[in-house]
Amino acid sequence: MSRRAAGLSLAAVAAAGGLVACSSSSGGSGAPASESQAAAGGNYTIWDPYPQHDKSSEWVKLLETCGTQAGVTVERAAYDTSDLTNKALLAAQQGNAPDVLIVDNPVVSTLAEAGVLTTTEENKLDTSAIAPNLLAAGQSQGRTYGVPIGANTLALYYNKEVLKKSGVDIASVKDWASLTGALEKVKASGKKGITFSAIGTEEGSFQFLPWFWGSGAQLTKLDSPEGVSAVALWTDWLKKGYAPNSVINNTQTTSWQEFAGGEYAFAENGTWQLANAEKVGFDYGIIPIPGKNGGTAPAPTGGEFVGIPVQKDTARYATSQKLVACLTNTGNSLTTTTTLSYVAPTEEVQTKQVAQNPGLKVWVEAVKAAKGRTSDDLGTKYPRISEPMWGAVQAALSGSKSPQEAMTGAQAAAAQ
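In what follows, the accompanying structure is described. (Residues numbered from 1 in each chain as written. Predicted model: local features only at pLDDT ≥ 70, side-chain atom pairs only at ≥ 80, totals over all residues. Heavy atoms only, no water.)

Observations concerning the packing of aromatic side chains
Geometry of an aromatic ring pair is reported as the spacing of the ring centres plus the angle between the planes. One pass over the full model with this rule turns up 15 aromatic pairs. Relative to tyrosine 79, the ring of tryptophan 47 has its centre 5.5 Å away and its plane inclined at 70°; by these criteria the two rings are edge-to-face. Within this pair, whereas tryptophan 47 is found in strand S1 (residues 43-48), its partner tyrosine 79 is found in the loop between strand S2 (73-78) and helix H3 (81-94), the two being separated by 32 residues in sequence. Summarising the aromatic geometry, the rings of tyrosine 157 and phenylalanine 259 are spaced 6.5 Å apart at their centres and angled 50° between planes, so their arrangement reads as tilted. Here phenylalanine 259 lies in helix H11 (residues 252-260) and tyrosine 157 lies in strand S7 (residues 154-159), a separation of 102 residues in the sequence. For phenylalanine 259, a relative accessible area of 0% gives the class buried. What links up through ring pairs into an aromatic cluster is the set Trp176, Phe196, Phe208, Trp211, Phe212, Trp234 and Trp237. The side chain of arginine 316 reaches across the aromatic face of tyrosine 44, ending 4.0 Å from its centre. (Phe/Tyr/Trp six-rings, centres within 6.5 Å; stacked < 30°, edge-to-face > 60°. Helix = DSSP H or I, 4+ residues; strand = E, 2+ residues; numbered from the N terminus. Buried < 20%, exposed > 50% of the residue type's maximum accessible area, 1.4 Å probe, protein only. Lys NZ or Arg CZ within 6 Å of the ring centre and 35° of its normal.)

Laid out in structure tokens, this is it:
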């Protein structure tokens, strides 16, 4: 594995690590809690992307507890996601990386290729209980570079009252055809169909992927008939008025605000909206995003990986491993994932989560079907595929290109 760090494009990193599904995207000033580097002796530095969790939070208390159990003092620095990635690269170039690094999962392969992270073979992290589809987001060229601290993904929220007045039985929505049929009934009743985010950023790609993957398409062939059919689905919804033109500029936040107004039957969004869902003032439900021909479509996984950066003093890895093991073990995982609003990465803890909150069952099912954006050994190729893909979706939705033309152009761009 190459240890080259100096030539890495920070723009590519920012694209890979967009704030599309991270609990860290809200709250906090983004200022680090502590910027001191790991000092000799008993100080170990942990960098995380959770500036919204201050010293009084359960998260920081857990960090401190893990430090105590490992016999060291934890010095924590918290940054916004994109800022954290750039600082991690710079620190690695300067030879003063933190001992433990927690980053958005699409960034892992980028940092791994840059030589920033050690492999689990080197650092002895145990990944045996982790769900393979979640672990794949932290793998590159057959090697694993950390463990997921938790995961989130996308599903469809629905307004029970709107569907009832439209004569739609949610149990009948099982594939694209039945979902489109439901949207037709909703529009006929005078209500609005579905809202989502198709903005020209990684957020748009994140929301498009369940439909793209749900068609059977692969990211290595954007212009396949399956991939084109996914673009055509969204385009037809706009043409028929089942989805608003605002989706072209919608973020996941503005899309949610549209749904919260009470007029829409469906909204594509994630686990991070659960707290807001309790405040909407109407009865809602959640179903997995359906595949084209039925079943649950693979949605992209959001969430962070905990890794151990490369250190000149390799003797530090043993203590770093204890810290990571403490943060991710079965005993602490329930606290960690509950605090960070994630689905746990192991089946044992997922079962505990559902027992504690039955409403999480649909999210656990969605996470089990999910896949990492950099999976299938795409690694750092993913940002170079994602950008032309979201551009193609934008072109098709705006009517400047047909779905086929848009995806043919996107595939040509990605292939370069």
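Moving on from the model shown.
With respect to the sheet that holds strand S10 (residues 284-287)
Strand order in the open sheet formed by 4 strands is S8-S9-S7-S10, with mixed pairing between adjacent strands. Each edge of the open sheet carries a strand with a single partner, namely strand S8 (192-195) and S10. Each strand of the sheet is rotated relative to its neighbour by a mean of 20°, with strand direction disregarded. Across 5 bridges, the pairing between S7 and strand S9 (residues 264-270) is antiparallel. Counted as the bridge partner of tyrosine 158 is phenylalanine 266 from S9. (Pairing = 2+ DSSP bridges. Axes fitted to C-alpha atoms, helices over the stretch in contact; angles between N-to-C directions.)

Thoughts on the nonpolar core
Generally speaking, nonpolar side chains in soluble globular proteins are found buried as a group. Judged by nonpolar contacts, the single largest core of 54 residues is most densely connected at Trp211, Leu219, Trp237 and Phe266. When residues of this core are traced back to their parent elements, those giving at least two are S7, helix H7 (160-166), helix H8 (176-188), helix H9 (202-214), helix H10 (225-239), S9, helix H17 (382-398) and helix H18 (403-415). It is H17 that provides the largest number of residues to this core, a total of 8 residues. Tryptophan 211 has contacts with Leu156, Trp176, Leu179, Ala230, Leu233, Trp234, Trp237, Glu268, Ile289 and Pro290, leaving out every residue within four places of it along the chain. Counting 25 residues, the second-largest nonpolar core is a separate cluster that includes Val72, Ile149, Val324 and Leu340. (Core = buried A, V, L, I, M, F, W, Y, C linked by side-chain atoms within 4.5 Å. Contact = heavy atoms within 4.5 Å.)

Observations regarding the sheet that holds S1
Strand order in the open sheet made by the 5 strands is S2-S1-S3-S11-S6, with mixed pairing throughout. If you trace the sheet from one side to the other, it starts and ends with S2 and strand S6 (147-148), each paired once. In this structure, strand S3 (residues 100-104) lies alongside strand S11 (residues 304-307), joined through 4 bridges in antiparallel fashion. In the sheet register, leucine 101 faces S11, and the bridge partner there is glycine 307. Where helix H2 (residues 58-70) meets the sheet, its contacts fall on S1, S2 and S3, and the angle it forms with S2 comes to roughly 150°.

Notes on H17
An ideal rise of 1.5 Å per residue puts 24 Å on 17 residues; H17 measures up with 24 Å between its terminal C-alpha atoms. Most of H17 is tucked away: 12 of the 17 residues are buried. Listed in full, the buried residues belonging to H17 are Tyr382, Pro383, Ile385, Ser386, Pro388, Met389, Trp390, Ala392, Val393, Ala395, Ala396 and Leu397. One or two positions beyond H17, positive phi appears at glycine 399, with a value near 90°. (Expected span 1.5 Å × (residues − 1).)

Focus on the side chain of threonine 144
Topologically, threonine 144 is positioned in strand S5 (residues 143-144). Reaching out from threonine 144, the side chain makes a polar contact with the side chain of glutamine 139 at a distance of 3.0 Å. In this view, threonine 144 contacts Thr118, Thr119, Thr120, Thr127, Leu135, Gly138 and Gln139; residues no more than four positions away in its chain are not counted. (Polar contact = N/O pair within 3.5 Å; in protein donor to acceptor, adjacent residues only side chain to side chain.)

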